[in-house]
Amino acid sequence: GENVEQHPSTLSVQEGDSAVIKCTYSDSASNYFPWYKQELGKRPQLIIDIRSNVGEKKDQRIAVTLNKTAKHFSLHITETQPEDSAVYFCAAPTGAGSYQLTFGKGTKLSVIP
Amino acid sequence: DTEVTQTPKHLVMGMTNKKSLKCEQHMGHRAMYWYKQKAKKPPELMFVYSYEKLSINESVPSRFSPECPNSSLLNLHLHALQPEDSALYLCASSQDQGGGNPYEQYFGPGTRLTVT
């Protein structure tokens, strides 16, 4: 099955700076990589995802990059704002024949005003 | 409608009680999930329903009993729970493989369960 490792576990940045969170995965057949944002007491919310046929995807201040050769993908948040403070989870499909996602352990991002 | 709803938001129950959690979605998704989430941890998959049939049961104790009455509804029946079962219970849904990306999951707001 898939193994997803996420780093760092905590990240503090000044407002306006950029934040980068990295995940590695083990199954070279994995082809879909979502990122979820979970604010305190709220649901995980899908914020961006990428399929294995592209190397980068952007949506306003957030972007995801994928390196299939190295089997890692990253979330980039530019011009961070206090409302970006949350726990971010990366994920990858658990394996063929199931709809499961394997989640990383999460990164707690704190944006300091 | 791109929302998954869950009731109740909060639930406190004793170890001898029987209660049910409910989840509803009207996005036409044919896969539905129950997750358990402890504080500061990622969601942990419990059950997967595909076309109203249980397809995955991640070795969950029998005190948790899922039910999918129709394609829009998912229930989780609780009986004789333990204090360590206290957690946030999340429901999610996604398109079935035939209709879209089955891995693109949308979560409900969760039920915060406390077992006393």
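Up top you'll find the structure we're talking about.
Residues numbered from 1 in each chain as written. Chains lettered and ligands numbered in written order. Predicted model: local features only at pLDDT ≥ 70, side-chain atom pairs only at ≥ 80, totals over all residues. Heavy atoms only, no water.

J.: Would you mind going over the pairing of strand β9 (residues 86-93) of chain A in detail, with residue names and values included?
T.: All names here are of chain A. β9 sits mainly inside the fold: seven of its eight residues count as buried. Of the strand pairs in this sheet, β9 and strand β11 (residues 107-112) are connected by three bridges, and their pairing is antiparallel. Bridging across to β11, V87 finds its partner in K108. Here β9 runs beside strand β10 (residues 101-103); their pairing, made up of three bridges, is antiparallel. (Buried < 20%, exposed > 50% of the residue type's maximum accessible area, 1.4 Å probe, protein only. Helix = DSSP H or I, 4+ residues; strand = E, 2+ residues; numbered from the N terminus. Pairing = 2+ DSSP bridges.)

J.: Now, about the packing of aromatic side chains: what can you tell me, with residues and values included?
T.: Within the structure shown, the criterion is met by 13 aromatic pairs over all chains. With centroids separated by 6.4 Å and ring planes inclined at 25°, the aromatic side chains of Y32(A) and Y103(B) adopt a geometry described as stacked. Residue Y32(A) is located in strand β4 (residues 32-38), and its partner Y103(B) is located in the loop between β9 (87-94) and β10 (106-107); the two belong to separate chains. Here the two residues Y32(A) and Y103(B) agree in accessibility, since each one is buried. Taking 4.7 Å as the distance between ring centres and 40° as the angle between the ring planes, the aromatic pair formed by F33(A) and F73(A) counts as tilted. On the criterion of sequence distance, the pair formed by F33(A) in strand β4 and F73(A) in strand β8 (residues 72-77) is long-range, its members being 40 residues apart. In this structure F33(A) comes out as buried when scored by relative accessible area, which is 0%. Given a relative accessible area of 0%, F73(A) falls into the buried group. In textbook terms, an aromatic cluster arises when at least three aromatic residues are bridged by ring pairs, as seen for Y36(A), F89(A), F103(A), Y33(B), Y35(B) and F107(B). (Phe/Tyr/Trp six-rings, centres within 6.5 Å; stacked < 30°, edge-to-face > 60°.)

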